[in-house]
Amino acid sequence: MRFNILAFAAGILFVQLQPALPDWGWALAAGLLCLFLRFLPQPERLRRGLAVVACLAVGVAWAAWRADVRLADELPLALEGQDLQLTGVIAALPQPLTQGSRFEFVINSALTADGKAVRVPSRVMLSWYAGRRDDAAGAVPALRPGEVWQLTARLRRPHGNANPGGFDYEAWLLERDIRATGYIRAAPAARIGESRWPPLLVFERLRDNLRRGMEARLPEADYPFAGVLVALAIGDQRAIPNDLWTTFNRTGVTHLVSISGLHVTMVAALAGGLAGALWRRRPALVLRLPAQKAAVIVACLTALIYALLAGFAVPAQRTCYMLLVAALALISSRRVAASRILALALLAVLLIDPWAVLAAGFWLSFGAVAALLYVGSARIAPGSDWSSRLRGWGLVQWTATLASLPVLLLVFQQFSLVSPLANALAIPLVSFVVTPLALLGAVLPWWPVLALAHAVFSGLMEFLVWCAGWPLWQASAAPLWAVLLAAGGVGLALLPRGVPGRAVGLVLLLPLLFWPAPRPPEGVAEVTVLDVGQGLATVVQTARHTLVYDPGPLYSAESDAGQRVVVPYLRWLGVNTLDMLVVTHRDSDHAGGASSVLAAMPVADVRSPVAEFRGAPCLAGQRWQWDGVEFAFLHPARAADAGETAGNHFSCVLRIASAGQRMLLTSDIEAVDEAEMLARDADALRAEVLLVPHHGSRTSSSLAFVKAVAAKEVIFPVGYRNRFGHPKAEVVERHLAQGSRLWRSDRDGAVMVRLAPDGIDMQVQRQVVRRYWHGR
């Protein structure tokens, strides 16, 4: 059974890695054929092999069919950007934003501006901004799950940034069955009642009530860790500040501030133990149902309710399904191996959510439990004295740390060296003290309970802040074979003491731990124009140097492109220090991510016309050479005076030259700046690759400038359906008339340029890594 379930999971994983959906009908037919052949007279080994192949094919069919059905619920292209009157239900806990709120909305009906009924996706994600845009609504009312609203909104198809090593937002939306996103328009909105369907809205309302109560009893101004208690009680992590996440990541305790299997198990065990103790006090009840079985039933119900309150993430699902299988086995008086229980939980998760395999939490959750079962199966009668228990606790920490290592380095390219020490104290405190107090305080309207939980966590945070000062292990993204080799090494290293081959397991980890950072050879430059939406972020690498040309836009008060795109990409490359950061001018769509980049790693040199960055100004005539690649600033001719704003006219223009191949990075210069550079030295502007000025605005890219550059490859860094309409049609036509090939970050994702003696190589992320859901 276990191999069959693993084969089913492999089939699902195969589908999620495909650029196009396979035909689920053929896959199902192949699976049924293998099952039919299995029941014919065959050798036992062949019959087992046919069963595994059948399960593999059925896994492919299941994932492909589910995806086909979900993708069919799409927004027609003709309705993108149109005003639509939507009537529907707020389906989940609204998430507060700095200037508004974001929520999932289940649509019951949709009308165009002329009153025509149209078909739109059944579930969408809407943002309601408080006048941040000219066409946005005014004040945002208090929103609660289950409320029925009539709203005017503009929708667009799911779209996310596509960057090497980056987060796939489109996959995240697909998993949650969110088939469009949008924002509320300024037209009047009306709350028209409440809905009691679907029934799970009851839990969303309860989550909302508990969150409001906890926030009222623990105001953030007085209790800085209140967001952590909310996360532990109801799984809402949005109130945790970014600086706390940084501390949790550096200490390896992130899993403790989300509802993990450990939390669900602990709550279920407390409820089951209490129920069993009370049940034994009533002999009549014991005669009807043994107390042990009654305790297990209560524990399962408690685990399910807590998991639903916490948002039903994969770790919580896995624990619920494992407890359910164990309970059924106990009630039916059967003995089921722990590995079979884990396999059945895996099957249940993938039947409900075939996209779970795309999440790092899926692999960390099942991997850690599988490793603990693997190690635990080899232990024989562990002692009950304190030294034996201490050794057992150390073994658990070592197992969890080692098992998570391949996944952490594959997904995040780093892991915390101090994680075992931090978790040794944090796990018992959070699991057995803070979380029960947070749950009790969420239910009881008595603030001292929550205050005590906050005080305990405050003490823990002092220890974690100290641990966060320890270094992280960072490595560049390794190939898949190195990750699989490391996973095999983990299995060997966790063998019982005395078994030959344990040391070999640690050796097998070395390629993953020390995988060399990829670098271009001498005399070659690699330039990546990252997909950051409506903004600019570019990374330039030579053989031994790295430069960031603009760190990207500020998305909100909580996030920016530096934190979400640039730093993860640099980590994916294995870059731990920057040789130069160029912040071309003050605009937030170019400079918004600077603080995150500067905080994430040492920066040797900063060049910017913006005085706040405390770097040298970039001035025309500045030149240098790195590893056989020439760099030169061509603009501005002077620094901004004390009373001047370092805006578009002071944008740093950088030219990169490698073996006769040139690329011109122009930031947000305007036509007057182009004319100034043309008058100063028109020949210096000639380049094979051009990063167009000001995202293709009509105020830039004059005909004279376009002709002087004469670029063969032209890159437009623009956001999907951006409100400025960039790039403008006339600018596109000018470049097409020159015979240029056009690239767009909204269509192509990150654009990778290689300037080498043998020519120019262009690649785009949405072609290099293509998935069936992209653009759908």
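Since this is a predicted model, take the numbers as computed values, not measurements. (Residues numbered from 1 in each chain as written. Predicted model: local features only at pLDDT ≥ 70, side-chain atom pairs only at ≥ 80, totals over all residues. Heavy atoms only, no water.)

**What to know about the overall build of the chain**
For step 1, the next point in the chain: Scanning the chain from terminus to terminus reveals 27 helices and 23 strands.
For step 2, the next point in the chain: Computed over C-alpha atoms, the radius of gyration of the chain comes to 29 Å, within 12% of the 28 Å expected from 2.2 N^0.38 for 776 residues, which places it in the range of a compact globule.
For step 3, the next point in the chain: For the chain, the C-alpha atoms occupy an extent of roughly 100 × 70 × 65 Å along the three principal directions.
For step 4, the next point in the chain: Residues classed as buried in the chain amount to 50% of the 776 residues present.
For step 5, the next point in the chain: In the chain, 70% of the contacts between residues at least 6 apart in sequence involve partners at least 24 apart.
For step 6, the next point in the chain: Split by element, the accessible area of the chain, about 34900 Å² in all, is 62% carbon and sulfur.
For step 7, the next point in the chain: In the chain, 71 side chains carry a positive charge and 57 a negative one; their mean positions are 13 Å apart. (Helix = DSSP H or I, 4+ residues; strand = E, 2+ residues; numbered from the N terminus. Rg over C-alpha atoms; globule rule 2.2 N^0.38 Å. Buried < 20%, exposed > 50% of the residue type's maximum accessible area, 1.4 Å probe, protein only. Contact = heavy atoms within 4.5 Å. Areas by Shrake-Rupley, 256 points an atom, 1.4 Å probe, with all protein chains shown as cover. Lys, Arg positive; Asp, Glu negative; His and termini not counted. Charge placed at Lys NZ, Arg CZ, Asp CG, Glu CD.)

**A closer look at the state of the cysteines**
For step 1, the next point in the chain: Under the counting rule described, the total for this entry stands at one disulfide.
For step 2, the next point in the chain: Paired by a disulfide, cysteine 618 and cysteine 652 hold their sulfur atoms 1.7 Å apart. Disulfide cysteine 618 to cysteine 652: torsion about the S-S bond roughly -55°, handedness left-handed. Here the residue cysteine 618 occupies a position in the loop between β14 (606–607) and β15 (623–626), and cysteine 652 occupies one in the loop between β16 (629–635) and β17 (653–658), the gap between them amounting to 34 residues.
For step 3, the next point in the chain: Cysteine 652 sits in the buried class, given a relative accessible area of 0%.
For step 4, the next point in the chain: With no disulfide of its own, cysteine 55 lies closest to cysteine 34 among cysteine sulfurs, the gap being 9.8 Å. (Disulfide = S-S within 2.5 Å.)

**A few points about the pattern of salt bridges**
For step 1, the next point in the chain: Inspection of the entire model under this criterion finds 27 salt bridges.
For step 2, the next point in the chain: In this structure, aspartate 236 and arginine 211 form a salt bridge, with 2.8 Å as the shortest nitrogen-oxygen distance. Residue aspartate 236 is found in the loop between α6 (226–234) and α7 (242–251), and its partner arginine 211 is found in helix α5 (residues 201–217); the two are separated by 25 residues along the sequence. Assigned by exposure class, aspartate 236 and arginine 211 land together as buried.
For step 3, the next point in the chain: Taken together, the shared-partner salt bridges in this structure form one network comprising Arg144, Asp208, Arg211, Arg212 and Asp236. (Salt bridge = Lys/Arg side-chain N within 4 Å of Asp/Glu carboxyl O.)

**Quick look at the sheet that holds β17**
Backbone hydrogen bonds are what pair the strands of a sheet, in a parallel or an antiparallel way.
For step 1, the next point in the chain: The sheet built from seven strands is open, its strands ordered β15-β16-β17-β18-β19-β20-β21 with mixed pairing. Whereas interior strands pair on both sides, the edge strands pair on one side only; in this sheet they are β15 and β21 (741–744). Taken pair by pair, the neighbouring strands of this sheet meet at an average axis angle of 20°, ignoring direction.
For step 2, the next point in the chain: As judged from the four bridges shared by strand β20 (residues 713–716) and β21, these two strands associate in the parallel manner. Opposite glutamate 713, over in β21, you have arginine 741 as the bridge partner.
For step 3, the next point in the chain: Against the sheet, helix α23 (residues 671–681) makes contact with β16 and β17, and its axis sits at roughly 115° relative to β16, the strand it touches most. (Pairing = 2+ DSSP bridges. Axes fitted to C-alpha atoms, helices over the stretch in contact; angles between N-to-C directions.)

**Some thoughts on a nonpolar patch on the surface**
For step 1, the next point in the chain: A cluster of nonpolar side chains, contributed by Trp24, Leu28, Leu32, Leu35, Phe39, Trp65 and Val69, occupies part of the molecular surface with about 650 Å² of accessible area.
For step 2, the next point in the chain: Among the secondary structure elements, those contributing two or more residues to the nonpolar patch are α2 (24–38) and α3 (44–72).
For step 3, the next point in the chain: The leading source of residues in the nonpolar patch is α2, at four residues.
For step 4, the next point in the chain: Tracing the chain through its elements places tryptophan 65 in helix α3. (Patch = residues over 30% accessible without salt bridge, like charges linked within 9 Å, V, L, I, M, F, W, Y side chains within 5 Å.)

**A short note on α6**
For step 1, the next point in the chain: With nine of nine residues buried, α6 is to be regarded as a mostly interior element.
For step 2, the next point in the chain: Listed in full, the buried residues belonging to α6 are Ala226, Gly227, Val228, Leu229, Val230, Ala231, Leu232, Ala233 and Ile234.
For step 3, the next point in the chain: The secondary structure elements touched by the buried residues of α6 are α5, α7, α8 (261–279), α10 (291–309), α15 (419–443) and α16 (447–468).

**Quick notes on the packing of helix α1 (residues 2–16) against α3**
For step 1, the next point in the chain: Close contact between α1 and α3 brings their axes to 7 Å; oriented N to C, the two are set at 40°. Comparing the axis directions of α1 and α3 gives the class oblique. In the crossing of α1 with α3, the sense of the turn from one axis to the other is right-handed. In this structure, α1 contributes Phe3, Asn4, Ala7, Phe8, Ala10, Gly11, Ile12, Phe14, Val15 and Gln16 to the contact, and α3 contributes Ala51, Val52, Cys55, Leu56, Val58, Gly59, Val60, Trp62, Ala63 and Ala64. (Parallel < 35°, antiparallel > 145°, perpendicular 65-115°, else oblique. Left-handed = near helix turned anticlockwise from the far one by under 90°.)

**A few points about the sheet that holds strand β12 (residues 546–551)**
For step 1, the next point in the chain: Taken in spatial order, the seven strands of this open sheet run β14-β13-β12-β11-β10-β22-β23, and their pairing is mixed. Strands at the two margins of the open sheet, each flanked by one partner only, are β14 and β23 (759–764).
For step 2, the next point in the chain: The pairing of strand β11 (residues 537–541) with β12 spans five bridges and is classified as antiparallel. Residue pairing in the sheet places valine 539 in a bridge with valine 548 of β12.

**Section: the packing of helix α13 (residues 360–376) against helix α14 (residues 386–411)**
For step 1, the next point in the chain: Closest axis-to-axis distance for the α13/α14 pair is 9 Å, and the angle between their directions is 150°. The way α13 lies across α14 gives a crossing that is right-handed. Judged by residue contacts, Ala360, Trp363, Leu364, Gly367, Ala368, Ala371, Leu372 and Val375 of α13 engage Leu395, Val396, Thr399, Ala403, Ser404, Val407, Leu408 and Val411 from α14.
For step 2, the next point in the chain: Here the residues of the contact of α13 with α14 sort into 13 nonpolar, three polar and no charged. (Nonpolar A, V, L, I, M, F, W, Y, C, P; charged D, E, K, R; others polar.)

**Details of the side chain of glutamate 104**
For step 1, the next point in the chain: Structurally, glutamate 104 is set in strand β3 (residues 100–111).
For step 2, the next point in the chain: Given a relative accessible area of 16%, glutamate 104 falls into the buried group.
For step 3, the next point in the chain: Here arginine 123 takes part through its side chain, which lies 2.7 Å from a polar atom of the side chain of glutamate 104.
For step 4, the next point in the chain: Those residues in contact with glutamate 104 that lie beyond four places of it in its chain are Val89, Ile90, Ala91, Ala92, Arg123, Val124, Met125 and Ile178. (Polar contact = N/O pair within 3.5 Å; in protein donor to acceptor, adjacent residues only side chain to side chain.)

**Re the nonpolar core**
For step 1, the next point in the chain: Membership of the largest hydrophobic core comes to 52 residues, with the highest contact counts inside it found for Val228, Ile240, Phe248 and Phe457.
For step 2, the next point in the chain: Of all the elements in the fold, those that place two or more residues in this core are α5, α6, α7, α8, α10, α11 (314–331), α15 and α16.
For step 3, the next point in the chain: If we ignore the near neighbours within four places in the chain, the residues touching phenylalanine 457 are Phe225, Val228, Phe248, Val257, Val430 and Val434.
For step 4, the next point in the chain: Judged by nonpolar contacts, the second largest core, of 33 residues, contains Ala27, Val325, Leu346 and Trp355. (Core = buried A, V, L, I, M, F, W, Y, C linked by side-chain atoms within 4.5 Å.)

**Some words on the pairing of β3**
For step 1, the next point in the chain: Of the pairings in the sheet, the one linking strand β1 (residues 83–90) to β3 comprises six bridges and is antiparallel in character. Bridge pairing links valine 89 to valine 106 in β3.
For step 2, the next point in the chain: Relative to β3, strand β2 (residues 95–97) runs antiparallel, the two sharing three bridges. By the bridge assignment for β3, glutamine 95 is matched with arginine 102.
For step 3, the next point in the chain: Hairpin connection, β2 to β3: the antiparallel pair is bridged by two residues.
For step 4, the next point in the chain: Across seven bridges, the pairing between β3 and strand β4 (residues 123–129) is antiparallel. Bridge assignment links glycine 100 to a residue of β4, and that residue is tyrosine 129.

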